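Notes for the structure review
As a plain string of letters, each chain reads:
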Amino acid sequence: MTGVTTTLALANQKGGVAKTTSVASIGAALAEAGQRVLLVDLDPQGSLTFSLGVDPEELEVTVAEVLLGKVDAVDAIGTTDEGVDLLPANVSLAEAEENLVTRTGREQRLRVALAKVADDYDWILLDCPPALGVLTVGALSAADQVLIPLQAETLSHRGVGQLLDTIHDVRSFINPGLQVRGVLATAYDGRTAHARNVLAAIEETYELEVLDPPIPKTIRFAEAPAIGRSILSTARTHKGAEAYRAIARLLIEGR
């Protein structure tokens, strides 16, 4: 579809499930496919910002100032070597989050800010922090769809029910059109019956689609951010890069 912007939040309150890696890699894959892409870093650690070759500590204007109404999103967005635009974050977002707790319309601020730039993009991907606080609720309020990255391990899916409860509340009170796109299995080792059983349990327990293919476990994902690029640049033909390209195609086809 042309002329339509899809805002996709990647959310899971558990850390270490490859949210940031997935946002960067899916974003790069969408850009490779000719899509106009904006990535939004909503984690005060600034991991997405750093992994795309931007030093968070050197930034004067970030998503924090946008959420607080000090600047428009267009004035904080920059370009990256991956062919995607970035609304960056750094530690100032932690203080902004505290301030937002007492601000009117805190859950709507990201949606309102992004609406002003949405026409410039086909996709806006939101990298949520590993928590179910103001920033994640704001992302879910701004999103059309939410994708849940999940390591294929027993303990990693115990918090999915809590996240789904939050999504239900956001739907009920703020964003009735929010859709759960499904689960993205990461760090997947298909050689083990355990990993396959976990994915089957997720589908059965939560009635969620597990996107295919799962993202394989590989050290290449850890290597890429160190040089400020995604795996699609650092290891173009690796099976991990190809898996993210396949996920990007799936998302485009499902719009």
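Coordinates for the structure precede this section.
Notes on the structure follow. Owing to the predicted nature of the structure, the values given are computational and were not obtained by experimental measurement.

Moving on: the overall build of the chain. Looking only at helices and strands, one finds eleven helices and seven strands in the chain. Relative to a compact globule of 255 residues, whose C-alpha radius of gyration would be 18 Å, the chain shows 17 Å and is just as compact. Along the longest, intermediate and shortest principal axes, the C-alpha atoms of the chain span 50 × 40 × 35 Å. Contacts in the chain between residues far apart in sequence, at least 24 positions, make up 78% of those at least 6 positions apart. Entry remark: accessible area of the chain is about 11,300 Å², with carbon and sulfur atoms responsible for 47%. Where the 22 positive side-chain charges of the chain centre and where its 34 negative ones centre are 4 Å apart.

Applying the stated criterion across every chain yields a total of seven salt bridges. A salt bridge links Arg-36 to Asp-122; the nearest nitrogen and oxygen atoms lie 3.3 Å apart. On the criterion of sequence distance, the pair formed by Arg-36 in the loop between helix H1 (19–32) and strand S2 (37–41) and Asp-122 in the loop between helix H5 (109–115) and strand S5 (123–127) is long-range, its members being 86 residues apart. Exposure remark for Asp-122: the relative accessible area of 11% places this residue in the buried category. Of the charged contacts, one joins Glu-107 and Arg-106 as a salt bridge, the two residues approaching to 3.8 Å between their closest N and O atoms. For Glu-107, a relative accessible area of 25% corresponds to the partly exposed category. A cluster of three or more residues bridged by salt bridges with shared partners is formed by Glu-32, Glu-242 and Arg-245.

Rules of the game
Residues numbered from 1 in each chain as written. Predicted model: local features only at pLDDT ≥ 70, side-chain atom pairs only at ≥ 80, totals over all residues. Heavy atoms only, no water. Helix = DSSP H or I, 4+ residues; strand = E, 2+ residues; numbered from the N terminus. Rg over C-alpha atoms; globule rule 2.2 N^0.38 Å. Contact = heavy atoms within 4.5 Å. Areas by Shrake-Rupley, 256 points an atom, 1.4 Å probe, with all protein chains shown as cover. Lys, Arg positive; Asp, Glu negative; His and termini not counted. Charge placed at Lys NZ, Arg CZ, Asp CG, Glu CD. Salt bridge = Lys/Arg side-chain N within 4 Å of Asp/Glu carboxyl O. Buried < 20%, exposed > 50% of the residue type's maximum accessible area, 1.4 Å probe, protein only.

What is shown is where atoms sit, not what they do.
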